[in-house]
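Survey of secondary and tertiary structure
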Amino acid sequence: MQEEKDFIKELLNPKTQNIAFQKLLRDFQKPLYNHIRAIVLNHDDADDVLQNTFVKVFQNLKNFKGESKLFSWMYRIATNEAITFINKKAKRSGTTSEAMKTKLIENLQADIYFEGDEIQLKLQKAIALLPEKQQLVFKMRYYEEIKYENMSEILGTSVGALKASYHHAVKKIEDFMNAN
């Protein structure tokens, strides 16, 4: 924990800020991209949201209180940025965020960065049908293998509620995969 406090001081110090921020990018860019991509589904959109996330992290670092890990705080920002992005995109299209996610799933096959097969596409469709909270919990646990305790910090929800959400999500996904 002291290491993280020292690192945050480096990020806030104008003399060490650039090198520290490069380290922050190096350490967190890939996991944050994967997390965002799991939400927005599109590579270019994920890049845009990732860039916005790092801008917000940089702008708000002075307000970071250290009540959670830096990782958790950054994931919370990335999650909020991704959800806001989907909602804004849906609003611009005159549709709901659920309809937008369905459209994104349909466009996934055409995405040159999507490397999945038919089963992966079907899984993405099943996930898209879940309520937003269950989607987030499932993706964070299944794809990113984030521990419930860390997820609790990121999403501001109890571990018990997260486990229940994950269980419900898995059940709904299994039902969808077996029915179609």
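Residues numbered from 1 in each chain as written. Predicted model: local features only at pLDDT ≥ 70, side-chain atom pairs only at ≥ 80, totals over all residues. Heavy atoms only, no water.

1. Side note on unusual backbone geometry
Outside of glycine, negative phi angles account for most residues, and trans bonds account for most peptide bonds. Threshold: Helix and strand definitions follow DSSP, with helices as H or I runs of at least four residues and strands as E runs of at least two, each counted in order from the N terminus.
In this model, Leu 41 sits at a positive phi of 70 degrees, which is unusual for a non-glycine residue. The phi dihedral of Glu 145 is positive, around 55 degrees, even though this residue is not glycine. Note on placement: Glu 145 falls in the loop between helix H7 (132–143) and helix H8 (148–155).

2. Here's the deal with helix H4 (residues 70–93)
Keep this limit in mind: One less than the number of residues in a helix, times 1.5 Å, gives the span that helix is expected to have.
In this model, H4 (24 residues) spans 35 Å end to end at C-alpha, consistent with the 34 Å of a helix rising 1.5 Å per residue. Positive backbone phi, at 70 degrees, marks Gly 94, one or two positions downstream of H4.

3. Things to note about the packing of aromatic side chains
Here is the rule: When two rings of Phe, Tyr or Trp (its six-membered ring) have centres within 6.5 Å they constitute a pair, described as stacked for plane angles under 30 degrees, edge-to-face for angles over 60, and tilted for the intermediate range. Each residue is placed in one exposure class: buried if its accessible area under a 1.4 Å probe, protein chains only, is under 20% of its type's maximum, exposed if it is over 50%, and partly exposed if it falls in between. Consider the ring centre and the ring normal. A charge sits over the ring if Lys NZ or Arg CZ is within 6 Å of that centre and within 35 degrees of that normal.
Counted by the stated rule, this structure contains nine aromatic pairs. Consider the rings of Phe 64 and Trp 73, whose centres lie 5.0 Å apart with planes at 50 degrees: the pair is tilted. Note on Phe 64: relative accessible area 13%, which makes it buried. Their ring planes at 40 degrees and their centres at 4.4 Å tell us that Phe 71 and Tyr 75 sit as a pair that is tilted. Taken as a pair, Phe 71 and Tyr 75 lie in helix H4 at a separation of four residues, close to a single helical turn. Judged by its relative accessible area of 3%, Tyr 75 is buried. Through pairs of rings, three or more aromatic residues link up here, namely Phe 138, Tyr 142, Tyr 143, Tyr 148 and Tyr 166. Above the plane of the ring of Phe 7 lies Lys 23, whose end atom (NZ or CZ) is 5.7 Å from the centre.

4. Section: empty space enclosed by the protein
Heads up, the condition is: Using a 1 Å grid laid over the protein atoms alone, points where a 1.4 Å probe fits but cannot get out form a cavity; open sets with protein on both sides within 12 Å along at least 5 of 7 lines form a pocket; any residue with an atom within 4 Å of a point counts as lining. Grid points are joined across faces, edges and corners, and a volume is the space filled by probe spheres set on the points.
With the rule as written, the count across this model stands at two cavities of 30 Å³ or more. There is about 50 Å³ of room inside the largest cavity. Around the largest cavity, the lining residues are Ile 39, Leu 41, Lys 101, Ile 105, Gln 124, Ile 127, Ala 128, Gln 135 and Lys 139. Secondary structure elements with two or more residues in the lining of the largest cavity: helix H5 (97–108), helix H6 (118–128) and H7. With three residues, the top contributor of residues to the lining of the largest cavity is H6. If you add up the space inside the second largest cavity, you get close to 40 Å³. What lines the second largest cavity is simply Ile 39, Ile 83, Lys 101, Glu 132, Gln 135, Leu 136 and Lys 139. The element that contributes the greatest number of residues to the lining of the second largest cavity is H7, accounting for four residues.

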